[in-house]
Amino acid sequence: MQLIQETPDLSAYLAADEAIDHHHPQVRETAARLAAEVTDSYEYARAAFEFVRDAIPHSQDSGDSRVTWRASDVLEQGTGICYAKAHALAALLRAEDIPAALCYQNLGVVHGLVAVRFHGAWHRQDPRGNKPGVDARFSLDGERLAFTPDPSSNEMDYPVLYAAPHPVVLNALRAAVDRPHLWRTLPAAL
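Conventions adopted
- Residues numbered from 1 in each chain as written.
- Predicted model: local features only at pLDDT ≥ 70, side-chain atom pairs only at ≥ 80, totals over all residues.
- Heavy atoms only, no water.
- Buried < 20%, exposed > 50% of the residue type's maximum accessible area, 1.4 Å probe, protein only.
- Helix = DSSP H or I, 4+ residues; strand = E, 2+ residues; numbered from the N terminus.
- Pairing = 2+ DSSP bridges.
- 1 Å grid on protein atoms, 1.4 Å probe; cavity = no way out; pocket = protein on both sides within 12 Å on 5 of 7 lines; lining within 4 Å.
- Points joined across faces, edges and corners; volume = space filled by probe spheres on them.
- Nonpolar A, V, L, I, M, F, W, Y, C, P; charged D, E, K, R; others polar.
- Polar contact = N/O pair within 3.5 Å; in protein donor to acceptor, adjacent residues only side chain to side chain.
- Contact = heavy atoms within 4.5 Å.

Some thoughts on the pairing of strand β4 (residues 121–125)
Next up, step 1: For β4, a buried count of four out of five residues is recorded, marking the element as mostly surrounded by other parts of the structure.
Next up, step 2: The pairing of strand β3 (residues 110–118) with β4 spans five bridges and is classified as antiparallel. From the neighbouring strand, Phe118 faces β4, where its bridge partner is Ala121.

Next up, the structure:
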């Protein structure tokens, strides 16, 4: 699949916004801690991915009913669903000047991913969190995502790389009073 930038301006994929608030002290402190343990941007990107994937539980897996959507809130509260975890990873990457995009799959409901730009190309990553049957890994050599869409079930990968969270996703997160409510209102499509 060919990934398509929503905007040709690469600086848009480094920008902060309300959800990807990479200027927030919580994001900056986490980024600095991760950066201190590595020697280059590739190692940093892998460390940030593994931190979000492994240290921040997916709220459905952990049974946490809180809904987070800002990157800083995800890091502070230590919980989030796929969209929120994608916001956190994008913020950590952008905090270290690594272009990061938000992208999505339709798996019956919309699933959130991140694409990171290295060597002149975008590489999708899934920081959702592993569990039995899910083994997502950081990779620039072929995708290692949590899920593969099933076209026979009308599932698909969306090719667009967004600089900011898709409004449908952001609206669902903001409107949810808790995760059970969010689960009933997850977007079915973009």
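Here we look at the layout of surface pockets
Over the atoms rolls a probe the size of a water molecule, and its path tells where empty space is left.
Next up, step 1: Counted as a void, the largest pocket has a volume near 190 Å³.
Next up, step 2: Lining the largest pocket are 13 residues; nearest its centre among them are His58, Cys82, Val109, His111 and Trp183.
Next up, step 3: A per-class count over the lining of the largest pocket returns eight nonpolar, three polar and two charged.

Looking at the side chain of His123
Next up, step 1: Mapped onto the elements of the fold, His123 is located in strand β4.
Next up, step 2: On the basis of relative accessible area, His123 is assigned to the buried category, the value being 15%.
Next up, step 3: Within the local environment of His123, its side chain forms a polar contact with the backbone oxygen of Phe118, the two atoms lying 3.3 Å apart.
Next up, step 4: Residue contacts for His123: discarding those within four places in its chain leaves Val114, Ala115, Val116, Phe118, Ser139 and Leu140.

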